[in-house]
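A closer look at the structure
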Amino acid sequence: MKTAREVLDRALQLCGFVNSEGAPDRLRDADIYKRGLALVNQIYTDMFFAETPDGVFRSLGSMEEEIPLSARCVNDIMPYGVAMLLAGAEGDATAQSLFSYAYNQKRAGGVKSTRRIADRMPRGEW
């Protein structure tokens, strides 16, 4: 997965919004696809600042745009965050709770900040 559409499609599969072949149904779920970019951008914003705290953020402009984050983030973490938002928007509290837990666990284990901890403790004079 590289694009916003692929992340949204995977989130739809996780939520069970699929046709008889197991693929997302773009006609039946057209309203979800209309707000899909906003959902992906919300999770992209969170993940962007987790990976690059001092970076300059620019929202995705289309569903076909590639997401400029690590492959692990795009393929393994973001779909659970988007699924969490989808479940909440659909009023499925059980699924939202499940995806929220999975997203937070994956986010905590998968995003490593490049920021170093500096020793800032005041030192007395000896």
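A short tour of the structure in this document, coming up. Starting from 1, residues in each chain are numbered consecutively following that chain's sequence as written. Under the rules for a predicted model, residues below a pLDDT of 70 receive no local features and side-chain atom pairs below 80 are neither given nor counted, while totals for whole chains, interfaces and linings still include all residues. Computation of side-chain values: all heavy atoms of the structure, hydrogens and water removed.

**Quick look at the pattern of salt bridges**
Salt bridges are defined as contacts in which a side-chain nitrogen from Lys or Arg sits within 4 Å of a carboxyl oxygen from Asp or Glu. According to the stated counting rule, one finds eight salt bridges in the structure shown. Among the salt bridges present, the one from aspartate 9 reaches arginine 26, with a minimum N-O distance of 2.8 Å. Residue aspartate 9 is found in helix H1 (residues 4–15), and its partner arginine 26 is found in the loop between H1 and helix H2 (30–34); the two are separated by 17 residues along the sequence. Taking relative accessible area as the criterion, aspartate 9 reaches 16% and is therefore assigned buried. Its salt-bridge partner being arginine 107, residue aspartate 46 comes within 2.9 Å of it at the nearest N-O pair. With aspartate 46 in helix H3 (residues 36–51) and arginine 107 in helix H5 (residues 93–110), the pair connects residues that are 61 residues apart, well separated along the chain. Type-normalised accessible area, obtained with a 1.4 Å probe on protein chains alone, sets the label of each residue: buried when under 20%, exposed when over 50%, and partly exposed for intermediate values. On the basis of relative accessible area, aspartate 46 is assigned to the partly exposed category, the value being 28%. With a relative accessible area of 25%, arginine 107 lands in the partly exposed category. Salt bridges here are not isolated pairs; linked through shared partners, they connect Arg72, Asp76 and Lys106. Per the convention used, a helix needs a DSSP run of H or I reaching at least four residues, while a strand needs a run of E reaching at least two, with both numbered from the N terminus.

**As for the packing of aromatic side chains**
Between 30 and 60 degrees the pair is tilted, below 30 it is stacked and above 60 it is edge-to-face, where a pair is any two Phe, Tyr or Trp rings, Trp via its six-membered ring, whose centres lie within 6.5 Å. Going through the model one piece at a time under the given rule, you end up with six aromatic pairs. Measuring from ring centre to ring centre gives 5.6 Å for phenylalanine 49 and phenylalanine 57, while their planes differ by 40 degrees; the resulting arrangement is tilted. Look at phenylalanine 49 and you get partly exposed, because its relative accessible area is 38%. The partly exposed category is assigned to phenylalanine 57, whose relative accessible area is 25%.

**Overview of the nonpolar core**
For the purposes of this section, nonpolar cores are sets of buried Ala, Val, Leu, Ile, Met, Phe, Trp, Tyr and Cys residues that join through side-chain atoms within 4.5 Å. Judged by nonpolar contacts, the single largest core of 30 residues is most densely connected at Ile67, Leu69, Met78 and Val82. Of all elements in the fold, only H1, H2, H3, helix H4 (71–89) and H5 reach the threshold of two or more residues within this core. By residue number, the principal contributor to this core is H4, which donates nine residues. In what follows, a contact means two residues having at least one pair of non-hydrogen atoms within 4.5 Å. Each residue touching methionine 78, except ones within four places of it in the same chain, is listed here: Val7, Val40, Ile43, Tyr44, Met47, Ile67, Leu69 and Cys73.

**A closer look at the environment of glutamine 96**
Considering the arrangement of structural elements, one finds glutamine 96 in helix H5. Residue classification places glutamine 96 among the partly exposed positions, given a relative accessible area of 35%. For the pair glutamine 96 and cysteine 15, spaced 81 residues apart in the sequence, the C-alpha separation amounts to 9.3 Å. Those residues within four positions of glutamine 96 in sequence are excluded, and the remaining contacts are Met84, Ala87 and Gly88.

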